[in-house]
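What the coordinates show
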Amino acid sequence: MSTSTQDNNSLPQSQPTPKAITVPVAATATADNAATPTPQVAVLIPCYNEVQTIVEVVQGFLQALPTAAIYVYDNNSTDHSSERLTSWLNSDAATSLDALTRVHLCTENRQGKGNVVRTMFREVEADCYLMVDADQTYDPHDAKLLIAGVLEQGYDMVIGDRLSSTYFTENKRPFHNTGNVLVRSLINLLFNRQRKEELITDIMTGYRAFSREFVKGCVILSKGFEIETELTVHALSHNFKLLSLPIHYQDRPQGSVSKLNTFSDGFKVLLMIFNLLRSVRPLLFFSTAAGMCLVPALLLLVPVLVNYFSTGLVPKLPSFVASCVFLLLAVLSMFTGLILDTLNVNQRKLYEMHLNDLSLLDRRKSQHAMLPAAQQASTEHVETSAKKRP
């Protein structure tokens, strides 16, 4: 078993650097040596029209993580991305990296990155998941740093932070810079409760590592590029352990075109933040709405009341009616927020119970894998017999 050391001197030292690790694919427990199974690592690569870079990305991670499994999910590419990857997998260069057994080419017909990530999380089994874009903007040599944060330090999500390193100098699209800063500010302001000392420094990065508990417990509703925002808010709202690590970033190679539309996809991300605020923090959302209704209600009602107490008359009847309407909306919004907040708390309790069940199931599987083969067969026979009993 070989161990590599990640050179991290060129990166900003704003976060503690985890130690390098070895990332084997399969368990090594045998009948004679019931050792703890070594963790399985899966590299998840969503791909849509990346014919120019997909082979280079796969080859880079095969070399950087010599024992990890690579899963490429093609999302209706029309530029023959999957054909180029398939052709390379049958070449001598791929054979030397054992690519035929380690690289898995899959498809997802529902268009959108969110749909692809949902399918990958559902279908791929591993102990640690590394998600990376197929555009060759991320350095495969940073992978071990992200994985170590999950497997060695126990974080549930390790975020590859572009904005603290080379993003603003490498990225040639100025509106993307502005959008990234805006989204980062909104997420930290609205969702990063009680963690002001742990600000999320990059929301839209496509380079992340996840624990198995996070992946198998994550419910994804977004369909497109809003997926990064949803994953971050999911982690914050359910109190998962997060870590941001600076990574190297380079712009796309010449001729490679981004699929992200600055304005339409940016609007979708902002709409996702609005909807997540309504569903994740309903008390804040509806109390804000109540306050916005209460202000015009008071502005309209106070002059009417002053006039009434001084003259005994209500000459501005329309203003009085409008103020009553706004006041009623404010009360309804406040009580709506209180009710939904109570339901949200109960939902989070159910989610924690679900995570406990997943953890218990994984521990039982791990203990079963450590048993000698004969004892595993005996245990399976006993469980099968118990299920058949009336």
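Use the structure listed above.
Right, let's walk through the structure included here. Bear in mind that the values here come from a model prediction, so they are computed numbers and not experimental data.

**Things to note about the overall build of the protein**
For the protein, the helix and strand inventory stands at 14 helices and 7 strands. Here the protein holds 390 residues, and the buried ones make up 43% of them. When the accessible surface of the protein is totalled, it reaches about 20300 Å², and 60% of it is carbon and sulfur.

**A short note on the sheet that holds strand β4 (residues 128-131)**
On the basis of which strands lie adjacent, the open sheet formed by 7 strands has the order β3-β2-β1-β4-β6-β5-β7 and mixed pairing. Edge positions in the open sheet fall to β3 (103-107) and β7 (242-246), since each of these has one partner strand only. Neighbour-to-neighbour, the strand axes of this sheet turn through a mean angle of 20°, independent of strand direction. With 3 bridges connecting them, strand β5 (residues 157-161) and strand β6 (residues 208-211) associate as antiparallel partners. Residue pairing for β6: Met157 is matched across the bridge by Phe210. Against the sheet, helix α2 (residues 81-89) makes contact with β1 (41-47), β2 (69-74) and β3, and its axis sits at roughly 155° relative to β3, the strand it touches most.

**Some points on the nonpolar core**
Of all hydrophobic cores here, the largest spans 45 residues; its most connected members are Phe121, Phe191, Phe210 and Leu231. Broken down by element, this core gets its largest block of residues, 6 residues, from helix α11 (residues 262-280). In this structure, Leu231 is in contact with Phe121, Met131, Met157, Phe210, Phe214, Cys218 and Ile220, ignoring residues within four places of it in sequence. If you look at the next biggest cluster of nonpolar residues, it comprises 40 residues, including Val55, Val58, Leu62 and Leu243.

**Thoughts on α11**
Relative to the 27 Å expected for 19 residues at 1.5 Å per residue, α11 spans 26 Å between its end C-alpha atoms, a close match to the ideal helical length. When we look at burial in α11, the residues that qualify are Asp265, Val269, Met272, Ile273, Leu276, Leu277 and Val280. The arc enclosing the buried residues of α11, seen along the axis, measures out at 135°, which places them on a common side. Summarising the geometry of α11, the exposed residues directed more than 90 degrees from the buried face are Phe263 and Phe267.

**Quick word on the side chain of Asp135**
Mapping Asp135 onto the fold places it in the loop between β4 and α6 (143-151). For Asp135, a relative accessible area of 10% puts it in the buried group. Among the polar contacts made by the side chain of Asp135, one reaches the side chain of Thr137 at a distance of 2.8 Å. What Asp135 contacts, discounting residues up to four positions off in sequence, is Glu50, Thr53, Val57, Arg252 and Pro253.

**So, the pairing of β4**
Regular strands place side chains that alternate from one sheet face to the opposite one. The alternating pattern of β4 places Cys128 and Leu130 and Tyr129 and Met131 on opposite faces, both of which are buried. Sheet topology places β1 next to β4; 4 bridges connect them, and they run parallel. When the bridges of β4 are listed, Leu44 appears paired with Met131. Note that β4 and β6 share 4 bridges and pair antiparallel. For Met131, the partnering residue across the bridge sits in β6 and is Arg208.

**Thoughts on unusual backbone geometry**
Here His80, not a glycine, exhibits a phi torsion of approximately 70°, which is positive. Position of His80 relative to the elements: it lies in the loop between β2 and α2. What makes His80 exposed here is its relative accessible area of 51%. In the Ramachandran plot, Asn239 falls in the positive-phi region, its phi being about 60° despite a non-glycine side chain. Note on placement: Asn239 falls in the loop between α10 (227-237) and β7. With relative accessibility at 57%, the residue Asn239 sits in the exposed group.

**Side note on the side chain of Ser81**
Position of Ser81 among the secondary structure elements: in helix α2. Apart from the residues within four sequence positions on either side, Ser81 is in contact with Cys47, Asn49, Glu50, Val51, Ile54 and Asp74.

Thresholds applied
- Residues numbered from 1 in each chain as written.
- Predicted model: local features only at pLDDT ≥ 70, side-chain atom pairs only at ≥ 80, totals over all residues.
- Heavy atoms only, no water.
- Helix = DSSP H or I, 4+ residues; strand = E, 2+ residues; numbered from the N terminus.
- Buried < 20%, exposed > 50% of the residue type's maximum accessible area, 1.4 Å probe, protein only.
- Areas by Shrake-Rupley, 256 points an atom, 1.4 Å probe, with all protein chains shown as cover.
- Pairing = 2+ DSSP bridges.
- Axes fitted to C-alpha atoms, helices over the stretch in contact; angles between N-to-C directions.
- Contact = heavy atoms within 4.5 Å.
- Core = buried A, V, L, I, M, F, W, Y, C linked by side-chain atoms within 4.5 Å.
- Expected span 1.5 Å × (residues − 1).
- Arc of directions from axis to C-beta.
- Polar contact = N/O pair within 3.5 Å; in protein donor to acceptor, adjacent residues only side chain to side chain.

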